[in-house]
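Examination of the molecular architecture
Read off the chains here:
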Amino acid sequence: MNPFIRIVLSSLALMSSVAFAVEFKQVQTNESTVTFAYKQMGVTMDGTFAKFAAQASFDPAKLAKAQARIDIDLASIDTGSSDGNDEVAGKQWFNAKAYPSAGFISTGVKALGGNRYEARGKLTIKGKTLDVIAPFTFQSTAARGVFDGSFTIRRLDYNIGEGVWADVGTVADEIQIKFHLVVNASPAKK
Amino acid sequence: MNTPIQRYNNTAMALHWLVALLVFAAFPLGVYMHDLPLSPTKLQYYSYHKWIGITILVLAVTRVVWRITHTPPPLPEAIPRWEVVVSHITHLALYGLLLAIPLSGWLMSSAKGFQTVWFGLLPLPDLVGKDKALGDLLTTVHQGLNLMLFLLVGMHIAAVIKHKLIDRDQILERMLPKGMSK
Ligand code: HEM
């Protein structure tokens, strides 16, 4: 793109977002979901985390200040079967007794153009913290913003599934984590 | 008396013995895997069981088509009428179970939210949505039908033994290739 047009467009975009400058801060946990998908014997399986706490503050015009934090109650996992749920709470998987929650804390948000963004942050599971990058989209009306995104982790990086379960031929290493966060706006501080 | 044995044709024999072999694999595997603690091995056995079961379904459909389009070799005159009737009913029920059991398994897997991917390659559509109560019901149906299969296969084999040892006729040979019997 011609650099001149680029500047015009981005300042237009900036102006329009400044015009509606609001900060989205109140996470509506009951309307939000954190789900995951994985492959077991080549078959795609879906799961959910029923309980999590989330805090966010996001103003598209002030990305440098954007922040997000999600804490997931690992005991609230639903892998699709009750056997599975008991199993993944156990020592070889999440060891939920010792590490009851998994947490994501953002370190920065970058605009990717349009309504697409990218959050960088630290994901802690089972006592291990690693950097993750989660692309997401953000859609908003005046009062309500919706974040939708996903990223993939390798479970063995966090020692999720040790011993016999370390065999990724049965339960694949890649776990896709998907989030859908509904966040209500509170007027930006002047 | 030495009338030549009226055999089933090769297709019918191949299908019969292949299905028998697979049922003798799927059945004990089903019973065994059910009681295993959750482990990768259990997940693998469930998959293998489902793959074998769907293979049986495909072969059973083929058998039914063969049976509808062919007339089996006539039975020896000496066989009493009641035995003919009972054997027909047993065979009909066996065909029914060979279709109904894998179908109930497929439905059960759908209801439990575990899709069936044949040999890990061919995803079969889920026939019903995820529904725990329905899944549990279908598990009971699958078990009940399998119990019936167990009893009927027992009867089927008992009949072969009776023909061999008591009647001393050549019913078994009808289903055996020429080389394997006198
Ligand atoms: C003719 C073919 C089949 C035979 C003879 C067969 C036989 C059996 C038997 C004997 C059991 C053990 C029941 C028990 O003790 O609990 C079983 C369980 C099971 N079968 Fe099959 N089965 C067949 C086909 C299938 C198919 C096609 C599927 C799925 C696509 C399937 C899925 C299952 C599942 C998931 C279980 C475990 C149920 C549980 O543990 O709750 N089966 N089967």
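Here, every reference points to the structure presented above.
Residues numbered from 1 in each chain as written. Chains lettered and ligands numbered in written order. Predicted model: local features only at pLDDT ≥ 70, side-chain atom pairs only at ≥ 80, totals over all residues. Heavy atoms only, no water.

Quick word on the coordination of the iron atom of the ligand
Residue and element names in this part refer to chain B. Note the threshold: Only nitrogen, oxygen and sulfur atoms within 2.8 Å of the metal, or 3.2 Å for Na, K and Ca, are treated as donors, and water is left out, so sites may look incomplete. A four-donor site is called tetrahedral if each angle lies between 85 and 135 degrees; a four-donor site is square planar, and a six-donor site octahedral, when trans pairs exceed 155 degrees and the remaining angles lie between 65 and 115; all other cases are labelled irregular. For the purposes of this entry, the term helix denotes a DSSP run of H or I that reaches at least four residues, the term strand denotes a run of E that reaches at least two, and both are numbered from the N terminus. Type-normalised accessible area, obtained with a 1.4 Å probe on protein chains alone, sets the label of each residue: buried when under 20%, exposed when over 50%, and partly exposed for intermediate values.
Around the iron atom of the ligand, the donor atoms from the protein are His49 (NE2) and His142 (NE2), and they sit 2.0 Å away. Its 6 donor atoms give the iron atom of the ligand angles of 87 to 178° at the centre, a pattern that matches the octahedral case. You can see His49 sitting in helix 2 (residues 40-69) and its partner His142 sitting in helix 4 (residues 132-167), a full 93 residues away along the chain. Considered together, His49 and His142 belong to a single accessibility category, that of buried residues.

Thoughts on the interface of chain B and chain A
Put simply, the test is: Residue contacts are counted whenever heavy atoms from the two residues lie within 4.5 Å of one another. In this description, buried area is defined as the sum, over both parts, of the accessible area (probe of 1.4 Å) that is lost when the two are combined. Salt-bridge detection follows one rule: a side-chain nitrogen of Lys or Arg within 4 Å of a carboxyl oxygen of Asp or Glu. For the purposes of these results, a polar contact is taken to be a pair of N or O atoms within 3.5 Å, where, inside protein, one atom must be able to donate a hydrogen and its partner to accept one; residues adjacent in sequence count only when each atom of the pair is a side-chain atom. Residue polarity is assigned by list, with Asp, Glu, Lys and Arg as charged and Ala, Val, Leu, Ile, Met, Phe, Trp, Tyr, Cys and Pro as nonpolar; anything else, Gly included, falls into the polar class.
Across the contact, 15 residues belong to chain B and 15 residues belong to chain A. For the chain B and chain A pair, buried surface summed over both sides reaches about 1200 Å², with 68% attributable to carbon and sulfur atoms. Seen at the junction of chain B and chain A, the total is 0 salt bridges. Across the contact surface, chain B and chain A share 2 residue pairs in polar contact (both at pLDDT 80 or more). The element that contributes the greatest number of residues to the side of chain B that touches chain A is helix 2 of chain B, accounting for 7 residues. Partitioning the side of chain B that touches chain A into residue classes produces 7 nonpolar, 5 polar and 3 charged.

A short note on unusual backbone geometry
The phi torsion at Asn95 of chain A lies on the positive side, around 50°, for a residue other than glycine. In this fold, Asn95 of chain A is placed in the loop between helix 2 (82-89) and strand 7 (101-113). Although it is not a glycine, Phe119 of chain B sits at a positive phi angle of roughly 55°. With respect to the helices and strands, the residue Phe119 of chain B is situated in the loop between strand 1 (117-118) and strand 2 (122-123).

Section: a nonpolar patch on the surface
All names here are of chain B. Threshold: Exposure above 30% relative accessible area and the absence of a salt bridge qualify a residue for a patch, where like charges join within 9 Å and nonpolar side chains (Val, Leu, Ile, Met, Phe, Trp, Tyr) within 5 Å. All accessible-area figures derive from a Shrake-Rupley calculation using a 1.4 Å probe, and residue coverage is judged against the displayed protein chains alone.
Together, Phe24, Ile157, Ile161, Leu165 and Ile166 make up an exposed nonpolar region whose accessible area comes to about 530 Å². Among the elements that make up the nonpolar patch, the one with the highest residue count is helix 4 (4 residues). Among the structural elements, Ile157 can be located in helix 4. For Ile157, a relative accessible area of 38% puts it in the partly exposed group.

Section: the pairing of strand 3 (residues 43-49) of chain A
A regular strand carries its side chains on alternate faces of the sheet. Residues and elements named next belong to chain A. To be explicit about the condition: DSSP calls a pair of strands paired once it identifies at least 2 bridges connecting them.
Only one face of strand 3 is buried, namely the one carrying Val43, Met45, Gly47 and Phe49, since none of Thr44, Asp46 and Thr48 on the opposite face is buried. Pairing between strand 2 (residues 33-40) and strand 3: 7 bridges, direction antiparallel. Paired with Phe36 across the bridge in strand 3 is Gly47. Two successive antiparallel strands, strand 2 and strand 3, enclose a turn made up of 2 residues, where Met41 displays a positive phi of approximately 50°.

What about the site of the ligand?
All names here are of chain B. Selection criterion: Residues are labelled near a given molecule or strand when at least one of their non-hydrogen atoms is within 4 Å of it.
Looking at the ligand, there are 24 residues lining it, with His34, Tyr46, His49, His142 and Gln143 nearest. At 2.7 Å, a side-chain N or O of Tyr46 approaches an oxygen atom of the ligand. Secondary-structure elements contributing two or more residues to the shell around the ligand are helix 1 (10-34), helix 2, helix 3 (81-112) and helix 4. Here the shell around the ligand is composed, by residue class, of 11 nonpolar, 11 polar and 2 charged.

Some words on helix 1 of chain B
All names here are of chain B. To keep it simple, the criterion reads: Take the number of residues in a helix, subtract one, and multiply by 1.5 Å to get its expected span.
For helix 1, with 25 residues, the first-to-last C-alpha span of 36 Å sits near the 36 Å given by 1.5 Å per residue. Listed in full, the buried residues belonging to helix 1 are Ala12, Met13, Leu15, His16, Val19, Ala20, Leu22, Val23, Ala26, Leu29, Gly30 and Met33. As for helix 1, its buried residues are in contact with helix 2, helix 3 and helix 4.

Comments concerning the side chain of Lys50 of chain B
Residues and elements named next belong to chain B. The criterion, for reference: The convention is simple: Lys and Arg are positive, Asp and Glu are negative, and His and the chain ends are not counted.
Within the fold, Lys50 resides in helix 2. In this structure Lys50 is buried but unpaired, with Asp126 as the nearest side chain of opposite charge at 7.6 Å. Only 3.4 Å separates the side chain of Lys50 from the side chain of Ser109, close enough to count as a polar contact. Separated by 3.3 Å, the side chain of Lys50 and the backbone oxygen of Phe114 make a polar contact. Those residues in contact with Lys50 that sit more than four places away from it in its chain are Ser109, Phe114, Gln115 and Thr116.

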